[in-house]
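# Descriptive analysis of the structure
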Amino acid sequence: MIRRTTTLQHFLFHILSILFGLIFVVPIIWSLIASFRPENLVFAGLSPLSIKALIPLPFTMKNFIGVFTNDVFSSALVNTLVVAAVTVVCGVIINAAAGFAFATINFVGKGILFSIVLSSFLMPPDVLVIPTYNLVDSLGLIDTRIALILPVVGNGMVIFMFIQFFSQVPKALREAALIDGASSLQVLSKIYLPLTLPTMIGASLILFLAQWEAFLWPLVVSRSIENGMIQIALSTFTQQYGTLWGMKLAAASLLCFIPLILLMPLQRYYIASVVGTALKE
Amino acid sequence: MNNRLKRDSLKAYMFLFPAVGLILLFKIYPIIIVFGESFYKVSYLSGSKVFVGINNYLDLFFDRSFWNSVWVTTKLNLLINPIQVVIAVVMALLINMEFRGRLFYRLLFFIPLGVSLAVTTIYWSIFFRPGNGVMNYILNSVGIPRQPFFNSPSQALWIIIGIASWKGCSFWMIFILAGLKNIPREIYEACDVEGIEPIASFFYITLPLLAKTILFVFVTDTAANFMLFIPIFMITKGGPDSSTNVLMHEAYRTAMLQGDMGHGMAMIVFLMLMLMTVVAIQFKVTGEREI
């Protein structure tokens, strides 16, 4: 949007942006810094408010060491990474395959199956957690890694992303390959998938974040320490006699910097994927 | 049906089966389960299941705690959705302006995208800690007495709204931003030439052209906030005095903690119907002119 703006307006834009920016940045930066202070000084400088709150002194790594040696949290971290990795790899493959079929093949029942896929991602997932618990219970899968992975892998939104991308690939490209004797599977893996790197990155991020941020589903379905997921494991630092704030903030910082490090360089793909599916409905 | 279509269909099903099968099993079948189970009662002790017809629904009708949750869910959504949409629009307009440093601000505005709601809840629960929290210190230093925040029935819901919005606004902003980018620059150039005030051009050009995007955000945001659970579960557990006990939390408590599946399912059915009604109304009210 171009507009001839006055200095006063410029000034206002900056003030407003800085205000929003501070609200977004301060909690993250403060908790990172505070988690490098010893437990009894975590809240130093907050009340009364002083610059001490933003200085990591006396410096200690104790909280981070504590987090990594904490059984509940460290096994949840490992489990979450495994669950997320399996979800990303399987999710990208099977959703791309489904998107490929929708975009390139003419088949019986296409309309119905497409509306099922579409309605599945318009329905907020948390609403079905309790009946899904019933289902998983009757399958005998409560408190298993499989139960954490399966419901998240098939993802209507990701299928939709691939449909959009694949329908832009020229039909002639596919037909030429088929005439040359390639199978559909080869067309997908040799021609379509290599073209679709941005969509695959976007899809991977969406699936990764779905598991990284999972809360309600692991809350009801996981019981044992090995099947714990990190967002739930955060509560392990709140104990009967009080909260270990230093460790809790160290863990929270880890939970927020790991995805941010992934998202920052790849934000373009993530945003294009999320927004793309929405605005082309 | 000709042979080619038959052969193609078979091939297509092979590609579709894993993903669409999982979606049917975990996203569609549970909808059938929730309706079905809402007509049963599971005995907590013996685990046996008895068909009770519409009894679970009748019980809900006389359940004051349930109606309170319906009211809290309604109130939360009437407040949170307009707030989030307006802030998201303001944020998107800001970083879509051409002024120095906007790329830097944009990076800052995107930060909440990578922060989970559980972590967000931890941050703000520290900030709003009753007693010696940071916010109370700030209030105190400008002469306002300490506030109880999430220990107060009249303030707790607002804190929940704030927490959910910190995360939510950034997410919805990216949709609005994409909508803004779709508006041709030439229109604004023409405005400049004609000497139209920026505020007028916002209301007469930007807003109407953005209407479809805003409606989409409004509807999806409502769907998300109907299921808001994490900050309530983590901080207030529905309290104080059930002032933050949204339907999703009440259903979780009934089904998972009290083990009363039938009742929980009936609540979920009600929640889904409520959401569908609201979305239909949103489309009817806002949609007729623009879509």
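Structural notes, computed from the coordinates. (Residues numbered from 1 in each chain as written. Chains lettered and ligands numbered in written order. Predicted model: local features only at pLDDT ≥ 70, side-chain atom pairs only at ≥ 80, totals over all residues. Heavy atoms only, no water.)

## Some details on the overall build of chain B
Cut-off, in case you're wondering: Numbering of helices and strands runs from the N terminus, with a helix taken as a DSSP run of H or I at least four residues long and a strand as a DSSP run of E at least two residues long. We compute the radius of gyration over the C-alpha atoms and compare it with the globule rule, which gives 2.2 Å times the number of residues raised to the power 0.38. Partly exposed residues are those whose accessible area sits between 20% and 50% of the maximum for their type, while under 20% is buried and over 50% is exposed, using a 1.4 Å probe and protein chains only. The criterion used for residue contact is that any of the two residues' heavy atoms lie within 4.5 Å. Here the open area of atoms and residues is found with the Shrake-Rupley method and a 1.4 Å probe, where only the protein chains shown may cover a residue. We count Lys and Arg on the positive side and Asp and Glu on the negative side, and we leave His and both chain ends out. Taken as the charge location is NZ of Lys, CZ of Arg, CG of Asp or CD of Glu.
Across its full length, chain B holds 12 helices and two strands. Ordering the α and β elements of chain B from the N terminus gives α-β-β-α-α-α-α-α-α-α-α-α-α-α. For a compact globule of 291 residues, the expected C-alpha radius of gyration is about 19 Å, and chain B comes in at 24 Å, more than 25% above that figure. Here chain B, with 291 residues, has 53% of them falling under the buried criterion. For chain B, long-range pairs separated by at least 24 residues make up 66% of all intrachain contacts whose partners lie at least 6 apart in sequence. Surface summary for chain B: the accessible area is close to 13600 Å², and the carbon and sulfur share equals 67%. Looking at chain B, you have 22 positive and 16 negative side-chain charges, and the mean spots of the two groups are 9 Å apart.

## Observations concerning the interface of chain A and chain B
Applicable threshold: Two parts placed together each lose some accessible area under a 1.4 Å probe, and adding up what both lose gives the buried area. By definition, a salt bridge exists where a carboxyl oxygen of Asp or Glu is found within 4 Å of a side-chain nitrogen of Lys or Arg. Throughout this description, a polar contact denotes any pair of N or O atoms lying within 3.5 Å of each other; where both atoms belong to protein, one of them has to be capable of donating a hydrogen while the other can accept it, and for residues adjacent in sequence the pair is counted only when both atoms sit in side chains. Ten residues, namely Ala, Val, Leu, Ile, Met, Phe, Trp, Tyr, Cys and Pro, are considered nonpolar, four, namely Asp, Glu, Lys and Arg, are considered charged, and the remaining ones, Gly among them, are considered polar.
In this complex, chain A contributes 91 residues to the contact, which on the side of chain B involves 93 residues. Of the roughly 8300 Å² buried between chain A and chain B, counting both surfaces, carbon and sulfur atoms make up 79%. At the junction of chain A with chain B, the criterion picks out one salt bridge. Residue A:E213 pairs with B:K167 through a salt bridge whose shortest N-O separation is 3.5 Å. Here chain A is connected to chain B by nine residue pairs in polar contact (both at pLDDT 80 or more). Ranked by residues supplied to the side of chain A that touches chain B, first place goes to helix α13 (residues 245–279) of chain A with 18 residues. Residue classes in the side of chain A that touches chain B are distributed as 64 nonpolar, 21 polar and six charged.

## Quick notes on the state of the cysteines
Heads up, the condition is: Any two cysteine sulfur atoms within 2.5 Å of one another count as a disulfide.
Under the definition given, this model contains zero disulfides over all chains. A:C256 provides the cysteine sulfur closest to B:C169, a residue in no disulfide bond, and the two sulfurs are 18 Å apart. B:C169 gets classed as buried once you look at its relative accessible area, which sits at 3%.

## Some details on a nonpolar patch on the surface
Let me state the cut-off plainly: Within the patch definition used here, like charges are joined within 9 Å and nonpolar side chains (Val, Leu, Ile, Met, Phe, Trp, Tyr) within 5 Å, considering only residues with over 30% relative accessible area and no salt bridge.
Side chains of A:I29, A:I51, A:L54, A:I55, A:L57, A:F59, A:M61 and A:I65 sit close together on the surface and give an oily, nonpolar patch of about 780 Å² of accessible area. Within the secondary structure layout, A:M61 lies in the loop between α1 (7–34) and α2 (62–69).

## Describing the packing of aromatic side chains
Rules: Working definition: rings of Phe, Tyr and Trp (its six-membered ring) pair if their centres are within 6.5 Å, and the pair is stacked with planes under 30 degrees apart, edge-to-face with planes over 60 apart, and tilted otherwise. Look at NZ for Lys and CZ for Arg. If either is within 6 Å of the ring centre and within 35 degrees of the ring normal, a charge sits over the ring.
Enumeration over the complete set of coordinates arrives at 42 aromatic pairs over all chains. Judged by centre distance (5.9 Å) and plane angle (75°), the rings of A:F107 and B:Y13 are edge-to-face. Of this pair, A:F107 sits in the loop between α3 (71–104) and α4 (110–122) while B:Y13 is found in helix α1 (residues 3–37), placing the two residues in two different chains. A:F107 sits in the buried class, given a relative accessible area of 5%. Taking relative accessible area as the criterion, B:Y13 reaches 33% and is therefore assigned partly exposed. Ring geometry for B:F39 against B:Y57: centres 5.8 Å apart, planes inclined by 50°, an arrangement best described as tilted. In this pair, B:F39 sits in the loop between α1 and β1 (40–42) while B:Y57 sits in helix α2 (residues 55–61), placing the two residues 18 residues apart along the sequence. Given a relative accessible area of 25%, B:Y57 falls into the partly exposed group. Of the aromatic side chains, those joined through ring pairs into one cluster are A:F20, A:F24, B:F109, B:W124, B:F127, B:F128, B:F149 and B:W166. Over the ring of A:W245 we find A:K248; its NZ or CZ atom is 5.8 Å from the centre of that ring.

## As for the environment of B:I87
Assignment of secondary structure puts B:I87 in helix α3 (residues 64–96). In sequence terms B:I87 and B:G162 are 75 residues apart; their C-alpha atoms lie 12 Å from each other. Contacts of B:I87, omitting those with residues within four sequence positions, involve A:F20 and B:C169.

## Quick notes on helix α5 (residues 117–127) of chain B
An α-helical turn contains 3.6 residues, so a residue and the one three or four places further along point in the same direction. With respect to burial, α5(B) is a largely interior element, 10 of its 11 residues being buried. Looking only at α5(B), the buried set comprises B:L117, B:A118, B:V119, B:T120, B:T121, B:I122, B:Y123, B:W124, B:S125 and B:I126.

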